[in-house]
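# Structural features, examined
Listed below, chain by chain, are the residues.
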Amino acid sequence: MIQGFKEFILKGNVIDLAVAVVIGGAFTAIVNAVVASVINPLVSLFFMADAAGNFGPKIRGIYGQEVTFPLGDLITAVISFFAVALVVYFAFVLPMNAYKARKAAKNPIAEEAAQATEGELLAEIRDLLKQQRGA
């Protein structure tokens, strides 16, 4: 029972998904705070915020109104995404890939068998059937 659970947990897709959800949720708050307190003020040096707090290029509309394209939200989302992705990759995915590589180096025969393609397996079956007919 424990061995089955261990195999389930060590599957790459389960680990990757769990790590992305947990760390992404926890780290997003930190990234948003950094973006709000550092990046947004830097961008506001170049663009003046409107009454709603949005900053970005301002363009005159057809009826003479001023329209602001709120680039701050876009910049925040992009920076947040890349920061979370970097942390998840370096803190979890990279060590997990190294662990899998070490495990594969210890047992190369099992790894090679697991990586056989469908075409290779069909070719082996064909060859075995030819041997049986010839014998």
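Structure: see above.
Residues numbered from 1 in each chain as written. Predicted model: local features only at pLDDT ≥ 70, side-chain atom pairs only at ≥ 80, totals over all residues. Heavy atoms only, no water.

## Some thoughts on the overall build of the chain
The helix and strand inventory of the chain stands at five helices and two strands. When the helices and strands of the chain are listed from N to C terminus, the series reads α-α-β-β-α-α-α. Split into buried and exposed, the 135 residues of the chain put 15% on the buried side. By sequence separation, contacts in the chain at least 24 residues apart represent 42% of the contacts at least 6 residues apart. Here the chain has roughly 10400 Å² of accessible surface; of this, 69% comes from carbon and sulfur atoms. (Helix = DSSP H or I, 4+ residues; strand = E, 2+ residues; numbered from the N terminus. Buried < 20%, exposed > 50% of the residue type's maximum accessible area, 1.4 Å probe, protein only. Contact = heavy atoms within 4.5 Å. Areas by Shrake-Rupley, 256 points an atom, 1.4 Å probe, with all protein chains shown as cover.)

## Here we look at the nonpolar core
Counting residues in hydrophobic clusters, the biggest one holds seven residues: Val-19, Ile-23, Val-31, Val-35, Val-84, Val-88 and Val-93. Contributions of two or more residues to this core are made by helix 2 (12-44) and helix 3 (71-106). With four residues, the single largest contributor to this core is helix 2. Here Val-35 is in contact with Asn-40, Pro-41, Thr-76, Ile-79 and Ser-80, once residues within four sequence places are set aside. (Core = buried A, V, L, I, M, F, W, Y, C linked by side-chain atoms within 4.5 Å.)

## Examining the environment of Val-35
Summarising the element assignment, Val-35 is placed in helix 2. Among the residues examined, Val-35 registers a relative accessible area of 1% and is labelled buried. Taking the C-alpha atoms as reference, Val-35 lies 8.5 Å from Ile-75; in sequence the two are 40 residues apart.

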